[in-house]
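# Observations on chain architecture
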Amino acid sequence: MSRLATRFAARKASGQKALVTYLVAGDPEPQATLPALRALAAGGADVIELGVPFSDPEAEGPDIQGGCERALRHGVKLRDVLAMAKAFRQEDNETALVLMGYLNSVERMGYEVFAEAAQDAGIDGLIMVNLPPEEAEALQGYLAPRAIDLIFLLAPTTTEDRARAILQRASGFVYYVSLKGTTGAGHIDAEDVAARLAPLRAMTELPIAIGFGIRDAVTARAMAPLGDGIVVGSAVVRQMGALPLAEQPAALEGMARSLREALDSSC
Amino acid sequence: MTQAKGPQASPGPGGWSQYNLPDAQGHFGQFGGRFVAETLMHALDELEAVYRERMGDAAFQAQFKEELRSYVGRPTPLYHAERLSTELGGAQIYMKREDLNHTGAHKVNSALGQALLAKHMGKRRIIAETGAGQHGVASATVAARLGLECVVYMGEEDVQRQSPNVYRMKLLGATVVPVTSGSKTLKDALSEAMRDWVTNVDHTHYIIGTVAGPHPYPMIVRDFQSVIGEETRAQCLETLGRLPDTLVACVGGGSNALGLFYPFIKDEGVRLVGVEAGGYGLATGKHAAPLSTGVPGVLHGNRTYLMEDEDGQIIATHSVSAGLDYPGVGPEHAFLKDAHRAEYVAVTDDDALTAFHEVTRKEGIIPALETSHALAWILEHAPKLPKDHVIVVNLSGRGDKDIFTIAEREGISL
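Every value quoted in this text rests on a predicted model; they were computed, and no experiment measured them. (Residues numbered from 1 in each chain as written. Chains lettered and ligands numbered in written order. Predicted model: local features only at pLDDT ≥ 70, side-chain atom pairs only at ≥ 80, totals over all residues. Heavy atoms only, no water.)

### What to know about the pairing of strand β2 (residues 47-51) of chain A
Residue and element names in this part refer to chain A. The buried fraction of β2 is high, at 5 of 5 residues. Residues Val47, Glu49 and Gly51 point to one face of β2 and Ile48 and Leu50 to the other, with burial holding for every one of them. By the bridge criterion, 5 bridges tie strand β1 (residues 18-24) to β2 in an arrangement that is parallel. Opposite valine 20, over in β2, you have valine 47 as the bridge partner. Assessed by its sense of winding, the connection that carries the chain from β1 through helix α2 (residues 33-42) to β2 is right-handed. Here β2 pairs with strand β3 (residues 96-101) via 5 bridges, running parallel. Among the inter-strand pairings, valine 47 is bridged to a residue of β3, identified as alanine 96. (Buried < 20%, exposed > 50% of the residue type's maximum accessible area, 1.4 Å probe, protein only. Helix = DSSP H or I, 4+ residues; strand = E, 2+ residues; numbered from the N terminus. Pairing = 2+ DSSP bridges. Right-handed = clockwise from strand over helix to strand, strands pointing away.)

### Quick notes on the nonpolar core
Among the nonpolar cores identified, the biggest contains 194 residues, and Leu99 and Tyr175 of chain A are the most heavily contacted of them. Every residue in contact with tyrosine 175 of chain A, bar those within four places of it in the chain, is listed here: Glu49, Met100, Ile127, Ile151, Phe152, Leu153, Leu154, Ala209, Gly211, Phe212 and Val231 of chain A. Among the nonpolar cores identified, the runner-up in size contains 29 residues, and Ala81, Ile93, Ala355 and Ala374 of chain B belong to it. (Core = buried A, V, L, I, M, F, W, Y, C linked by side-chain atoms within 4.5 Å. Contact = heavy atoms within 4.5 Å.)

### Quick look at the interface of chain A and chain B
Contacts between the two partners involve 40 residues from chain A and, on the opposite side, 39 residues from chain B. Interface area, chain A with chain B, both sides summed: about 3,300 Å², of which 46% is carbon and sulfur. Of all residues in chain A, Glu58, Arg108 and Glu135 of chain A bury the most surface against chain B, accounting for 22% of the area lost on that side. On inspection of chain A and its partner chain B, the count reaches 6 salt bridges. Ionic pairing is found between glutamate 310 of chain B and lysine 77 of chain A, a salt bridge with its closest N-O pair at 3.8 Å. Every element with two or more residues in the side of chain A that touches chain B is listed here: α3 (62-73), α5 (103-109), β6 (153-154) and α8 (160-169) of chain A. Considering every element that reaches the side of chain A that touches chain B, the biggest residue donor is α5 of chain A, with 5 residues. Across the side of chain A that touches chain B, the residue classes tally to 17 nonpolar, 12 polar and 11 charged. (Buried area = accessible area lost by both parts, 1.4 Å probe. Salt bridge = Lys/Arg side-chain N within 4 Å of Asp/Glu carboxyl O. Nonpolar A, V, L, I, M, F, W, Y, C, P; charged D, E, K, R; others polar.)

### Some remarks on the environment of alanine 195 of chain A
Residues and elements named next belong to chain A. Its location among the elements puts alanine 195 in helix α9 (residues 190-203). Under the relative-accessibility criterion, alanine 195 is labelled exposed at 54%. On a C-alpha basis, the gap between alanine 195 and threonine 21 in space is 24 Å, while along the polypeptide they are 174 residues apart.

### As for the pattern of salt bridges
Applying the stated criterion across every chain yields a total of 51 salt bridges over all chains. A salt bridge links arginine 3 of chain A to aspartate 124 of chain A, with the shortest nitrogen-to-oxygen separation between them at 2.6 Å. With a gap of 121 residues between them, arginine 3 of chain A in helix α1 (residues 3-13) and aspartate 124 of chain A in the loop between α6 (111-120) and β4 (125-128) connect regions that are remote in the sequence. Residue class for arginine 3 of chain A comes out partly exposed when judged on its relative accessible area of 21%. Here glutamate 231 of chain B ties to arginine 74 of chain B by a salt bridge, and the two come within 2.9 Å at their closest N and O atoms. Remark: arginine 74 of chain B occurs in the loop between α2 (58-72) and β3 (78-80) and glutamate 231 of chain B occurs in helix α10 (residues 227-239); sequence separation between them is 157 residues. Judged by its relative accessible area of 13%, glutamate 231 of chain B falls in the buried class. Counted as one network, the salt bridges with shared partners bring together Arg7, Arg11, Asp46, Arg260 and Asp264 of chain A.

### Some points on α3 of chain A
Between its first and last C-alpha atoms α3 of chain A spans 16 Å; for 12 residues at 1.5 Å apiece the expected length is 16 Å, and the two agree. Residues of α3 of chain A that are buried include every one of Ile64, Gln65, Gly66, Gly67, Cys68, Arg70 and Ala71 of chain A, and no others. On the buried face of α3 of chain A, the contacting elements are β1 and α11 (234-242) of chain A together with α8 (186-200) of chain B. Of the residues flanking the end of α3 of chain A, it is glycine 75 of chain A, one or two places downstream, whose phi is positive at about 70°. (Expected span 1.5 Å × (residues − 1).)

### Thoughts on helix α4 (residues 107-120) of chain B
All names here are of chain B. The end-to-end C-alpha distance of α4 is 20 Å, a good match for the 20 Å that 14 residues give at a rise of 1.5 Å each. In terms of burial, α4 is largely enclosed, as 12 of its 14 residues are buried. Downstream of α4 by one or two residues, glycine 122 has phi in the positive range, about 75°.

### Some points on the packing of α8 of chain A against α9 of chain A
Residue and element names in this part refer to chain A. At their nearest, the axes of α8 and α9 sit 10 Å apart, and the two run at 40° to each other. As judged from the angle between their axes, α8 and α9 are oblique. The interaxial crossing formed by α8 with α9 has right-handed handedness. Facing Glu160, Ala163, Arg164 and Leu167 of α8, the residues of α9 in contact are Pro199, Leu200 and Met203. Split into classes, the residues belonging to the contact of α8 with α9 amount to 5 nonpolar, no polar and 2 charged. (Axes fitted to C-alpha atoms, helices over the stretch in contact; angles between N-to-C directions. Parallel < 35°, antiparallel > 145°, perpendicular 65-115°, else oblique. Left-handed = near helix turned anticlockwise from the far one by under 90°.)

Read these as spatial facts, not as claims about activity.
Structure follows, in structure tokens:
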């Protein structure tokens, strides 16, 4: 069983929801990432999405765009991100690690080289924001034999037929994009999410994590009952950008802990 | 190349006479496709369905044709630049006068077609990205004509260097949003427009200005722009009694070039030359010539040649012309290059400016800086060609918008 499956299953078994957090690797500087990963894990994150900085992150809101720009100013490359992941994996064998980014980073490295390096780094899953399943077969062919899940997103605009087709190819977990917009947008609507998730539930056994627009304990509590987990990204990145290096770990651990408590009090 | 897929670029078993790309998934060989966030997939499916339906709908076609005639001013003339031809002493140079379109460039052909599609889809708001401002002006114009709300994204640097077009868009009732992320130019305007679209997709149509982006955009924009090549073909047959020998056009994203080339792709005897922005020279790295120096990659919804570093990060481009200042190019051009059906070269800022002055003084036509790149190729190559060789250049836009840039470069204050 992969770490993704294990973590979601364990939370489910104890009647809890999984906490998925995101940060941009190398933001605001490369030394910040390993302590941040430790802090999020210590605060109760089950899955950490490590954002691969990209020059043109077309689906991101201002926070994550800023995170990418800060990381790129330090010259952070995909192979650096993999090295950070590997360093974390050497000390933490429980927390699931997912790389999240844009296809061009992986294309440039080459699918096979990337898949091997990701496996070596202990990566559990990959989210490619701009890679719909229609174009994903070649990459999936390199990831699947190495037990790396290619995680697909479902959106409020995804039709039921399309969702069914996507779910047939999905593995790890399903990322439900809770609103029409970029990451960190501010108009999440619980009723709308609940209505759209109901039919998806019936189509898949995979855990569903809800993301985009969940920024604090209040929104986490509102969304938690609707899925198997929640994703908090932009709010973490904002903290990383605002605090000096020395203060980041304690702040991130506290943030993860408060989200963990919010999830546990919601069910 | 990282992901070689299937055979090298080839027009298919029937050869160029059967050329029929893109395929059902929007691929031109390994290029093109649909690489966007899931939220946009449904909108692209919908756009494709509506487009295919309307292309087969005689009433829609008639409406589009009539708008092109009465509002845009088509057909545009095919003009024999006799003085320039004589002066250069070689090939006969003909100019397809897209600068005479309403709004002063070829961009309006596709903006109009897409705005009509938006109306048919019941979308009341259109968004557009723009570099030089020509596509922004065209979109703002057709939005005014059809009563649609219009928001134009434009890199902050381009807002500075193309201020007359910014004001024109505002006069037309559009909102111009300066984009301050990344390099503050066309690529960032495109990213920002995609962010708007993903947020407002229910009631908004994104009018992409060039033959790039996710499928079906490269096909739709090409088809709407093909009126350029279709007219050129008919005009050549009518006035010369034969097809031209060479077609030349500048290539940023590549819409004016593809509009001219596409109806001639099956005519293998017609040489197709696309001219990219060579900036300070290809050797300096400061240019916008992905077909000349780039590698295949994925950006803005399609796989195509890109200017990127060894980590796949898109690198800053440079061109004196804002409309060519883009690190990617339409996927069909990428295919035509690899399949050796079209050739792509680059022309420097300085050579483009020389051509700008030359054509302005010799023909009384002030070309856009973008177009001046294609004209620079002609200045170099026409003298070496025989006198009965016919070159058609797409005079894709007029240069009024560029006079401030040119004056500033030449130390003249207006």
